[in-house]
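Chain residues, written in single-letter form:
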Amino acid sequence: MTISCVAAGLHSSDLLRQRFKICSELKALCDMMIVDLGYSVTPAVLMLDSLLNDSRFKHLGFIDSGCIKRMTSLDSPLNDEDSKRLSSFLYSLGKSDIKGQIKLIENFRNIMAEKEEYYKHEYTKKSKLNMTFSFCAAAVFALAVV
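Everything numeric here is computed off the predicted structure, so don't read it as measured data.

Here is what the cut-offs are and how they apply
- Residues numbered from 1 in each chain as written.
- Predicted model: local features only at pLDDT ≥ 70, side-chain atom pairs only at ≥ 80, totals over all residues.
- Heavy atoms only, no water.
- Helix = DSSP H or I, 4+ residues; strand = E, 2+ residues; numbered from the N terminus.
- Buried < 20%, exposed > 50% of the residue type's maximum accessible area, 1.4 Å probe, protein only.
- Contact = heavy atoms within 4.5 Å.
- Core = buried A, V, L, I, M, F, W, Y, C linked by side-chain atoms within 4.5 Å.
- pLDDT = per-residue confidence, 0-100.
- Salt bridge = Lys/Arg side-chain N within 4 Å of Asp/Glu carboxyl O.
- Phe/Tyr/Trp six-rings, centres within 6.5 Å; stacked < 30°, edge-to-face > 60°.
- Lys NZ or Arg CZ within 6 Å of the ring centre and 35° of its normal.

**Some details on the overall build of the protein chain**
Part 1: Along the backbone of the protein chain there are five helices and zero strands.
Part 2: For the protein chain, the residues scored as buried account for 38% of the 146 residues in total.
Part 3: Considering only contacts within the protein chain whose residues lie at least 6 apart along the sequence, 65% involve residues at least 24 apart.

As structure tokens, then:
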């Protein structure tokens, strides 16, 4: 029981950390898409497949190029609203001219920058609290057993 309390606190903190790392990687992905669209007209599916194979995007393994072809519900560590926003963004890729795609990507990147700051703040604020409560709960259970 003691170990499960500590594990729950660690899991909650790790989830918050993953969220801001995902947002950071999504920002970098957007930057690379804009660069790619600026000098070539790579189809969205090929561009996304190529970029997601980059080792810098290790937290984006839940994304595949099939999201561009069909609107799907992503199973991501992000909250439901952000997962839906990401799904909608991916589905919209490749469905307009280059200027429209660049604007779409820039807007999504700006949203992810805001979300990254939000998740980073939440992680900083709540990770210490999660750990403190999990260790306190573990200590209480340990004392109750003794």
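**Some thoughts on the nonpolar core**
Part 1: Among the nonpolar cores identified, the biggest contains 30 residues, and Leu26 and Leu86 are the most heavily contacted of them.
Part 2: Residue assignment for this core shows that the elements contributing at least two residues are helix H1 (2–39), helix H2 (44–52), helix H3 (66–69), helix H4 (80–92) and helix H5 (98–145).

**Thoughts on the confidence of the model for the protein chain**
Part 1: Averaged over the protein chain, the pLDDT score is 83; the fraction of residues at 70 or greater is 77%.
Part 2: The secondary structure element of the protein chain with the lowest average pLDDT is H5, at 79, and the one with the highest is H4, at 94.

**Overview of the pattern of salt bridges**
Part 1: Under the definition given, this model contains seven salt bridges.
Part 2: Here Glu81 and Arg85 are joined by a salt bridge, their closest N and O atoms 3.1 Å apart. One end of the pair is Glu81 and the other is Arg85, both in helix H4 and four residues apart, which spans about a single turn.
Part 3: By relative accessible area, Arg85 is classed as partly exposed at 25%.
Part 4: The closest approach of N and O atoms between Lys125 and Glu122, which form a salt bridge, is 3.5 Å. Residue Lys125 and its partner Glu122 are located together in helix H5, separated by three residues, close to a single helical turn.
Part 5: On the accessibility criterion, Lys125 (46% relative accessible area) is partly exposed.
Part 6: For Glu122, a relative accessible area of 7% corresponds to the buried category.

**Description of the packing of aromatic side chains**
Part 1: Within this structure, the stated rule accounts for three aromatic pairs.
Part 2: Positioned above the aromatic ring of Tyr118 is the side chain of Lys115, whose terminal nitrogen or guanidinium carbon lies 5.6 Å from the ring centre.

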